[in-house]
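# Chains, contacts and geometry: an overview
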Amino acid sequence: NAGVTQTPKFRVLKTGQSMTLLCAQDMNHEYMYWYRQDPGMGLRLIHYSVGEGTTAKGEVPDGYNVSRLKKQNFLLGLESAAPSQTSVYFCASTRQGYQPQHFGDGTRLSIL
Amino acid sequence: DAKTTQPNSMESNEEEPVHLPCNHSTISGTDYIHWYRQLPSQGPEYVIHGLTSNVNNRMASLAIAEDRKSSTLILHRATLRDAAVYYCILRGYSGSARQLTFGSGTQLTVLP
């Protein structure tokens, strides 16, 4: 099984550009999460979803939007990229909220 | 979620046991203690979790103090592949998403 797959793995954007990060999981998990990790820090939750068609804000949601149109996919959008959004973005999923989360390998995003 | 305190860094020799401490003096009765690790350039990986009793799995053991105000992750024979940042996370049962709240973790260096 592929588990949690994130695309792209790397991306460089200019300030003001928009883009979408894709997270796909093949484990039929209900819950999906988007985190960001800045250098030397732990992960911080951006948005999450408790099922198809649902989304909710996490700790640092400003400047991001998400969609969960299909159960297996969770998309993270940057509407107008800013240098402060330079980070590594991780997606995670889990079957139920209390169970261990499975993470992807991350998307490294640089905004110039 | 209650906070945890971990040392910033630890060193171990290869093939020796490693004890990674975590303090969580404000833990509530329903908080589970979770451990994740993050290898370089990868997403976090679930290691183990427990509530009150000591737990063992193929990766590690978790020793929980009787008063639950501290816990220790034990790697029985450290290998070079165990070099990673280890996160101790408290996870309560309140809230539907039960997202993970990461601190800065302990950077484990394994010396050959």
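Residues numbered from 1 in each chain as written. Chains lettered and ligands numbered in written order. Predicted model: local features only at pLDDT ≥ 70, side-chain atom pairs only at ≥ 80, totals over all residues. Heavy atoms only, no water.

Further remarks concern the overall build of chain A. Secondary structure assignment for chain A yields zero helices and 11 strands. Secondary structure of chain A in N-to-C order comes out as β-β-β-β-β-β-β-β-β-β-β. Relative to the compact-globule value of 13 Å for 112 residues, chain A shows a C-alpha radius of gyration of 13 Å, a close match. Once the C-alpha set of chain A is aligned to its principal axes, its extents read approximately 35 × 25 × 25 Å. The 112 residues of chain A split such that 49% are buried. Of the contacts made within chain A by residues no fewer than 6 positions apart, 55% connect residues no fewer than 24 positions apart. Roughly 5200 Å² of accessible area belongs to chain A as shown, and the carbon and sulfur atoms make up 51% of that amount. In chain A, which carries 11 positive and 8 negative side-chain charges, the distance between the mean positions of the two groups comes to 5 Å. (Helix = DSSP H or I, 4+ residues; strand = E, 2+ residues; numbered from the N terminus. Rg over C-alpha atoms; globule rule 2.2 N^0.38 Å. Buried < 20%, exposed > 50% of the residue type's maximum accessible area, 1.4 Å probe, protein only. Contact = heavy atoms within 4.5 Å. Areas by Shrake-Rupley, 256 points an atom, 1.4 Å probe, with all protein chains shown as cover. Lys, Arg positive; Asp, Glu negative; His and termini not counted. Charge placed at Lys NZ, Arg CZ, Asp CG, Glu CD.)

This part takes up the nonpolar core. Counting 21 residues, the largest nonpolar core has L20, I33, W35, L73, L75, Y86 and L108 of chain B as the members making the most contacts within it. Counting only elements with at least two residues in this core, the list comes to β2 (18–23), β3 (32–38), β4 (45–50), β6 (61–64), β7 (70–75), β8 (84–91) and β9 (106–111) of chain B. Ranked by the residues each element gives to this core, the list is headed by β8 of chain B, at four residues. Look past the residues within four positions of L75 of chain B in its chain and what remains in contact with it is E16, P17, V18, M59, A60, D82, Y86 and L108 of chain B. Formed by 20 residues, the second largest nonpolar core is a distinct cluster that contains L13, C23, L76 and L109 of chain A. (Core = buried A, V, L, I, M, F, W, Y, C linked by side-chain atoms within 4.5 Å.)

Attention now moves to the pattern of salt bridges. Residue and element names in this part refer to chain B. Applying the stated rule across the entire model yields six salt bridges over all chains. Taking the shortest distance from any N to any O, the salt bridge between D82 and R37 comes out at 2.8 Å. Of this pair, D82 sits in the loop between β7 and β8 while R37 sits in strand β3; the two residues are 45 residues apart in sequence, bridging distant segments of the chain. The pair D82 / R37 is uniform in exposure class, with both members buried. (Salt bridge = Lys/Arg side-chain N within 4 Å of Asp/Glu carboxyl O.)

Now for the sheet that holds strand β1 (residues 4–7) of chain A. Residues and elements named next belong to chain A. Spatially, four strands are ordered β1-β3-β8-β7 in an open sheet, and the strand pairing comes out antiparallel. With partners counted over all chains shown, the strands left at the sheet margins are β1 and β7 (64–67), one partner each. The mean inter-strand angle of the sheet, taken between neighbouring strand axes irrespective of direction, is 20°. Taken together, the six bridges between strand β3 (residues 19–25) and strand β8 (residues 73–78) define a ladder with antiparallel strand orientation. Opposite M19, over in β8, you have L78 as the bridge partner. (Pairing = 2+ DSSP bridges. Axes fitted to C-alpha atoms, helices over the stretch in contact; angles between N-to-C directions.)

All right, on to the sheet that holds β6 of chain B then. Residue and element names in this part refer to chain B. Strand order in the open sheet made by the four strands is β2-β7-β6-β5, with antiparallel pairing throughout. Edge strands, defined here as strands with exactly one partner in the open sheet, are β2 and β5 (55–56). The sheet contact formed by β6 and β7 spans four bridges and is antiparallel. From the neighbouring strand, L62 faces β7, where its bridge partner is L73.

Taken together, the contacts link 19 residues of chain B with 20 residues of chain A. Where chain B abuts chain A, roughly 1500 Å² becomes buried across the two surfaces, and 55% of that area is made up of carbon and sulfur atoms. For the interface between chain B and chain A, the tally reads zero salt bridges. Those elements that provide at least two residues to the side of chain B that touches chain A are β3 and β8 of chain B. Broken down by element, the residue count for the side of chain B that touches chain A peaks at three residues, all from β3 of chain B. (Buried area = accessible area lost by both parts, 1.4 Å probe.)

Here we come to the packing of aromatic side chains. Residues and elements named next belong to chain B. Tallied over the full model, the rule gives 10 aromatic pairs over all chains. Look at Y36 and F102: their rings are 6.3 Å apart centre to centre, the planes differ by 65°, and that puts the pair in the edge-to-face class. Residue Y36 is found in strand β3, and its partner F102 is found in the loop between β8 and β9; the two are separated by 66 residues along the sequence. Here Y36 and F102 have matching classes, each one buried. With 5.0 Å between their ring centres and 90° between their planes, Y87 and F102 make a pair best called edge-to-face. Of this pair, Y87 sits in strand β8 while F102 sits in the loop between β8 and β9, placing them 15 residues apart in sequence. What makes F102 buried here is its relative accessible area of 9%. (Phe/Tyr/Trp six-rings, centres within 6.5 Å; stacked < 30°, edge-to-face > 60°.)

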